[in-house]
Amino acid sequence: MRLALRLLRELVGLFVDDGGLALIVLGVVALTAVLAHSAPTAGVATGGFLLLGCVAALAESVLRAGRR
Amino acid sequence: MWSGHAAAFVTAFLASLVEAVEAFTIMLAAATIRGWRPALLGGVAGLAFLTFLCIALGPMLESVPLHLLQLAIGVLLLLFGLRWLRKAVLRGAGLLPLHDEVRIFASETAALRTLEKHRGGTDWLAGSVAFKAVVLEGLEVVFIVLAVGAGRGLLPPAASGAVAACLAVAAVGFFVHRPLSQVPENAIKFTVGVILSAFGIFWTGEGLGIAWPGSDAAIPVFALVLACAAGALMPALRNRSGRPGG
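Residues numbered from 1 in each chain as written. Chains lettered and ligands numbered in written order. Predicted model: local features only at pLDDT ≥ 70, side-chain atom pairs only at ≥ 80, totals over all residues.

Chemist: Where do I start with the overall build of chain A in this structure?
Modeler: For chain A, the count of helices and strands is three helices and zero strands. Secondary structure of chain A in N-to-C order comes out as α-α-α. Since a compact globule built from 68 residues should have a radius of gyration of about 11 Å, the 16 Å found for chain A marks it as more spread out than a globular shape. On the principal axes, the C-alpha backbone points of chain A span a range of 50 × 35 × 10 Å. Burial status across chain A gives 25% buried among its 68 residues. (Helix = DSSP H or I, 4+ residues; strand = E, 2+ residues; numbered from the N terminus. Rg over C-alpha atoms; globule rule 2.2 N^0.38 Å. Buried ≥ 20, exposed ≤ 12 C-beta atoms within 10 Å, placed from the backbone.)

Chemist: I would appreciate a short explanation of the overall build of chain B in the present structure.
Modeler: Scanning chain B for helices and strands turns up eight helices and zero strands. Listing every helix and strand of chain B by position from the N terminus yields α-α-α-α-α-α-α-α. Computed over C-alpha atoms, the radius of gyration of chain B comes to 19 Å, within 12% of the 18 Å expected from 2.2 N^0.38 for 246 residues, which places it in the range of a compact globule. Counting only contacts in chain B whose residues sit at least 6 apart along the sequence, the fraction spanning at least 24 positions is 84%. (Contact = placed C-beta atoms within 7 Å.)

Chemist: Help me understand the interface of chain B and chain A, please; the structure alone is not making it clear to me.
Modeler: A common way to report how large an interface is uses the accessible area buried once the components associate. Taken together, the contact pairs 35 residues of chain B with 30 residues of chain A. Only helix 3 (66-92), helix 5 (122-149), helix 7 (185-207) and helix 8 (218-241) of chain B provide two or more residues apiece to the side of chain B that touches chain A. Classifying every residue of the side of chain B that touches chain A by side-chain character gives 26 nonpolar, five polar and four charged. (Nonpolar A, V, L, I, M, F, W, Y, C, P; charged D, E, K, R; others polar.)

Chemist: What's the story with the packing of helix 2 (residues 19-38) of chain A against helix 3 of chain B in this structure? I'm lost.
Modeler: When two helices pack together, their arrangement is given by the angle between the helix axes and the distance between those axes. Following both chains from N to C, one finds helix 2 of chain A and helix 3 of chain B inclined at 140°, their axes separated by 10 Å at the closest point. Viewed along their axes, helix 2 of chain A and helix 3 of chain B adopt a mutual orientation that is oblique. As helix 2 of chain A packs across helix 3 of chain B, the resulting crossing turns out to be right-handed. Packed against helix 2 of chain A, whose contacting residues are L21, A22, V25 and V29 of chain A, the element helix 3 of chain B presents V75, L78, L79, L82 and R86 of chain B at the interface. A per-class count over the contact of helix 2 of chain A with helix 3 of chain B returns eight nonpolar, no polar and one charged. (Axes fitted to C-alpha atoms, helices over the stretch in contact; angles between N-to-C directions. Parallel < 35°, antiparallel > 145°, perpendicular 65-115°, else oblique. Left-handed = near helix turned anticlockwise from the far one by under 90°.)

Chemist: I keep staring at the nonpolar core and nothing clicks. Help me out?
Modeler: Generally speaking, soluble globular proteins have nonpolar side chains that are buried together. Formed by 89 residues in total, the largest nonpolar core has its most connected members in C54 of chain A together with A30 of chain B. When residues of this core are assigned to their parent elements, the largest contribution, 19 residues, is made by helix 1 (residues 2-34) of chain B. (Core = buried A, V, L, I, M, F, W, Y, C linked by C-beta atoms within 7 Å.)

Chemist: How should unusual backbone geometry be read in this particular structure?
Modeler: Both trends apply: most residues other than glycine have a negative phi, and most peptide bonds are in trans. Positioned with a positive phi, S215 of chain B is a non-glycine residue whose angle comes to about 50°. Note on placement: S215 of chain B falls in the loop between helix 7 and helix 8.

Chemist: Explain the environment of A232 of chain B here, please?
Modeler: Residues and elements named next belong to chain B. Mapped onto the fold, A232 is located in helix 8. For A232, a count of 12 C-beta atoms within 10 Å corresponds to the exposed category. Note: C-alpha distance between A232 and T32 (200 residues apart in sequence) is 42 Å.

Chemist: Looking at this model, I keep getting lost on helix 2 of chain A. Mind explaining?
Modeler: Three or four residues apart is the spacing at which side chains of an α-helix point the same way, because the helix has 3.6 residues per turn. All names here are of chain A. The end-to-end C-alpha separation of helix 2 is 29 Å, in line with the 28 Å expected for 20 residues at 1.5 Å each. The set of residues buried in helix 2 consists of L21, A22, V25, V28, V29, T32 and A36. The buried residues of helix 2 all sit within an arc of 125° when viewed along its axis, so they share a single face. In helix 2, the exposed positions that point more than 90 degrees away from the buried face belong to G19, G20, L23, G27, A30, V34, H37 and S38. (Expected span 1.5 Å × (residues − 1). Arc of directions from axis to C-beta.)

Chemist: Would you mind showing me how to read the confidence of the model for chain B here?
Modeler: Predicted coordinates in regions of low pLDDT should not be interpreted in detail. Across chain B, pLDDT averages 83, with 92% of residues at or above 70. Interface confidence for the predicted complex, given as ipTM, is 0.89, next to a pTM of 0.81. (pLDDT = per-residue confidence, 0-100.)

Chemist: When you look at the confidence of the model for chain A in this model, what are you seeing that I'm missing?
Modeler: Per-residue pLDDT for chain A averages 86, and the proportion of residues at 70 or more is 93%. For chain A, per-element mean pLDDT is lowest for helix 1 (residues 2-15) of chain A, which scores 76, and highest for helix 2 of chain A, which scores 93.

Chemist: I keep staring at the packing of helix 3 of chain B against helix 7 of chain B and nothing clicks. Help me out?
Modeler: Residue and element names in this part refer to chain B. Where helix 3 meets helix 7, the axes come as close as 6 Å, and the angle between the chain directions of the two elements is 155°. The orientation of helix 3 with respect to helix 7, classified from their angle, is roughly antiparallel. In terms of crossing hand, the pair formed by helix 3 and helix 7 is left-handed. In terms of residue class, the contact of helix 3 with helix 7 is made up of 17 nonpolar, eleven polar and four charged.

Right, dumping it as structure tokens:
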């Protein structure tokens, strides 16, 4: 049971280290989904938003860690 | 096609190398306390458990619609890759200590010796420590292989890359018999973080119906953008904190 709980914790830990980073990335993906469905022809712009959104999320996370 | 195979092999190899080195350090600590037999038995049991998980869960992936699979894998890759990249940037800027296999080996050995004094039954203890190390680090390897290979028919090269990394670590570890502290863990983590995040952006976009210009050829462009951005963040952080960095 303890091993199963630890496995579950490790499994979540694989993807979430800084909760803020994970939330922003999920937000960027959700906004990209909205953009992709509302303007299906603007593929490159929507893709660019996803790429730059992820870069911004990374920058925000490391700069926040740097301020601590 | 072959570039896709090579990318899957190299990505899985590098990522698995990091995980295999970490698992080896803990197995070595267990072997130092009680010899290789219980450590190897624990390690083999861990591998058997992971194999069982793959056999049990693998076929379920085939029943998931392709777009949903691409989106799920893409998002998980993004979370996983950016997490590695963040850690590598913070370590590179000197804000987090570098991963030190020698220190981890010493602390694992000390913890095992303490448990040995209090509990006895050390063969079982060493075996279970090795089992947990292989299962916990192996889970990451399984995810990376599935994420890099599933949905594009690249599971064989990705799995081969992971197996090759594990065999390489086992072979080198067998000869040197000490923690593999010379592996440039942070540089590998940075590289793999960039590659996995680039794959994550590609798959997430595909899952959302975005038609990337040049299809797969967009992945190296994403990797370049991410590498430049992450590379620029390191000196910026170092200047802010006034630390020399690693």
